[in-house]
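Residues per chain, in single letters:
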Amino acid sequence: MQSENLIEKIRYQMPAENILFALSDFFKVMGDPTRINILWVLEKEPLCVSELAEVLNMTNSAVSHQLKILRVAKLVRSLKKGKNVYYELNDEHVQIIWEKALEHICE
């Protein structure tokens, strides 16, 4: 009987299915080495596409494609400064996730 109560309690606390799918999509976006490299660089400094391309030895087009995926996933945001558009981590949540994941891997 107590086991049944525990099971029901856990089921009640589980996130809705759409939240689980969104979380799964989030980790899929984070699961690409190129995007991880971009996040690593942007964690250090906001950069424009051409600067990111130079640092990562990629084409502007390839960087732009990956940035679009990261923007849609709300991991990065763009800031217009004059004629240039700079990219940075979207908010402190992304930085915390990044730092905790790195800490976990390096243990």
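Residues numbered from 1 in each chain as written. Predicted model: local features only at pLDDT ≥ 70, side-chain atom pairs only at ≥ 80, totals over all residues. Heavy atoms only, no water.

Enquirer: It is not clear to me how the pattern of salt bridges should be interpreted in this structure. Could you clarify?
Expert: Opposite charge on two side chains permits them to pair, given that their charged atoms come into close proximity. This model, assessed by the stated rule, comprises five salt bridges. For glutamate 8, the salt bridge is made with arginine 11, and the minimal N-O distance between the two is 3.3 Å. Separated by three residues within a single helix, glutamate 8 and arginine 11 lie in helix α1 (residues 2-13), roughly one turn from each other. The exposure class assigned to glutamate 8 is partly exposed, which follows from its relative accessible area of 46%. On the accessibility criterion, arginine 11 (54% relative accessible area) is exposed. One salt bridge connects lysine 44 with glutamate 43, and the closest N-O pair in it is separated by 3.0 Å. (Salt bridge = Lys/Arg side-chain N within 4 Å of Asp/Glu carboxyl O. Helix = DSSP H or I, 4+ residues; strand = E, 2+ residues; numbered from the N terminus. Buried < 20%, exposed > 50% of the residue type's maximum accessible area, 1.4 Å probe, protein only.)

Enquirer: It is not clear to me how the sheet that holds strand β2 (residues 76-81) should be interpreted in this structure. Could you clarify?
Expert: Strand pairing in a sheet relies on backbone hydrogen bonds, with the paired strands running either antiparallel or parallel. Spatial strand order, β1-β3-β2: three strands in an open sheet with antiparallel pairing. Of all strands in the sheet, those with a lone pairing partner are β1 (47-48) and β2, marking the two edges. When β1 meets strand β3 (residues 84-89), the two strands line up antiparallel, connected through two bridges. Residue pairing in the sheet places cysteine 48 in a bridge with tyrosine 86 of β3. (Pairing = 2+ DSSP bridges.)

Enquirer: Sorry if this is basic, but what is going on with unusual backbone geometry here?
Expert: Glycine aside, residues mostly have negative phi angles, and peptide bonds mostly take the trans form. At asparagine 57, a residue that is not glycine, the phi angle is positive and equals roughly 55°. Unlike most non-glycine residues, lysine 74 shows phi in positive territory, near 60°. Looking at where lysine 74 falls in the secondary structure, it is placed in the loop between α5 (60-72) and β2.

Enquirer: What am I meant to see in the nonpolar core here?
Expert: In a soluble, globular protein the nonpolar side chains are often hidden away together inside. Core analysis: the biggest nonpolar cluster contains 21 residues, and Ile38, Leu39, Leu42, Leu52, Leu67, Leu70 and Leu75 have the highest contact counts within it. Those elements that place two or more of their residues in this core are α2 (17-30), α3 (33-44), α4 (49-56), α5, β3 and α6 (92-106). The residues touching leucine 75, leaving out its near neighbours within four places in the chain, are Phe26, Val29, Met30, Leu39, Leu70, Glu88, Leu89, Asn90 and Val94. (Core = buried A, V, L, I, M, F, W, Y, C linked by side-chain atoms within 4.5 Å. Contact = heavy atoms within 4.5 Å.)

Enquirer: In this structure, what is going on with the packing of aromatic side chains? I would like to understand it.
Expert: We describe a pair of aromatic rings using the distance from one ring centre to the other and the angle between the two ring planes. In this structure the tally under the stated criterion is one aromatic pair. Of note, lysine 81 hangs over the ring of tyrosine 86, and the distance from its end group to the ring centre comes to 5.5 Å. (Phe/Tyr/Trp six-rings, centres within 6.5 Å; stacked < 30°, edge-to-face > 60°. Lys NZ or Arg CZ within 6 Å of the ring centre and 35° of its normal.)

Enquirer: When you look at α4 in this model, what are you seeing that I'm missing?
Expert: Owing to its 3.6 residues per turn, the α-helix aligns residues three or four sequence positions apart on the same side. Every buried residue of α4 is accounted for by Val49, Leu52, Ala53 and Leu56. One face of α4 carries all of its buried residues, which in axial projection span an arc of 100°. Set apart from the buried face of α4 by more than 90 degrees, the exposed residues are Glu54 and Val55. On its buried face, α4 sits against α3, β1, α5 and β3. (Arc of directions from axis to C-beta.)

Enquirer: Where do I start with the pairing of β3 in this structure?
Expert: Here is the key point about a regular strand: its side chains alternate between the two faces of the sheet. Here β2 runs beside β3; their pairing, made up of six bridges, is antiparallel. Across the sheet, leucine 79 pairs through a bridge with tyrosine 86, a residue of β3. Linking β2 to β3, which pair antiparallel, is a turn of two residues; within it glycine 82 sits at a positive phi near 65°.

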